[in-house]
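Below are the chains, spelled out letter by letter.
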Amino acid sequence: MTFILFYVPMWSQEVAVKQAINSVIDQWHLAAAEARLEDYFNAMSANAIFIGTDARENWHKDEFLRYAKPHFDKGKAWNFTALERNLYVNDNENIAWFDELLDTQMKLCRGSGVLQKIDGDWKISHYVLSIVIPNQNVSEVVQIKQETDDDIIEELKKQ
């Protein structure tokens with residue numbers, strides 16, 4: 001009986017926390033699909049980072065906003081729908097991290113991110129988007145991107 005008295009409330013609290021976090025992420029993706037710029041960027045912390053699929057896409061929130069605004073202004077940004085998500089929360093329930101498999105206009109992509117609880121609200125602080133490449137196609141993809149990657153590698157080595 002003691003187990004039930006202590007375990008059930010802890011379990012239901014964990015479920016509620018995860019539901020709240022999942023809702024933030026789902027609403028964030030929906031805001032992009034519906035081109036709601038303010039809602040999209042308000043879901044992110046002030047110091048958020050967004051890392052896109054291109055090697056040069058490592059943006060602080062303000063930089064990402066400048067990039068994204070023209071897309072949102074057209075009435076359609078991007079449409080990411082989670083097909084699968086793994087969500088983890090620290091013991092203090094103030095930091096969460098996740099990975100997700102997404103259905104996108106680029107076909108399957110993987111997203112991963114970190115959320116922080118800030119002033120009682122969950123905010124996305126870090127997000128990484130990557131295109132999923134089947135292992136049997138990696139060689140083909142490497143050939144396609146080789147020239148661009150070589151240029152970027154040389155630029156970075158000079159820094």
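Everything here concerns the structure above.
Parameters and conventions
Within every chain, residues take consecutive numbers counted from 1 along the sequence as written. Given that the model is predicted, a residue must reach a pLDDT of at least 70 before its local features are reported, and side-chain atom pairs must reach 80 or more before they are shown or counted; all residues, however, enter totals for whole chains, interfaces and linings. Excluding hydrogens and water, the side-chain values take into account all heavy atoms of the structure. The rule is simple: put a 1 Å grid over the protein atoms alone, call a set of points where a 1.4 Å probe fits but cannot get out a cavity, call an open set with protein on both sides within 12 Å along at least five of seven lines a pocket, and count a residue as lining if it has an atom within 4 Å of a point. Grid points are joined across faces, edges and corners, and a volume is the space filled by probe spheres set on the points. Secondary structure elements are taken from DSSP: a helix is a run of H or I of four residues or more, a strand is a run of E of two residues or more, and numbering for both begins at the N terminus. Residues are grouped as follows: Ala, Val, Leu, Ile, Met, Phe, Trp, Tyr, Cys and Pro are nonpolar; Asp, Glu, Lys and Arg are charged; every other residue, Gly included, is polar.

Draft legend 1. Examining the layout of surface pockets more closely. Each pocket or cavity is described by its volume, and for the largest pocket that value is around 320 Å³. Counting residues per element, the ones that place at least two in the lining of the largest pocket are β6 (121-131) and α4 (138-158). Among the elements that line the lining of the largest pocket, the one with the most residues is α4, at five residues. Of the residues contributing to the lining of the largest pocket, the split by class is six nonpolar, four polar and three charged. Its volume calculated, the second largest pocket comes out at about 180 Å³. Taken together, 14 residues make up the lining of the second largest pocket; nearest its centre are Glu 57, Tyr 67, Trp 78, Phe 80 and Leu 129. Take the lining of the second largest pocket: its biggest share by element is three residues, from helix α3 (residues 61-73). Here the lining of the second largest pocket is built from residues that sort into nine nonpolar, four polar and one charged.

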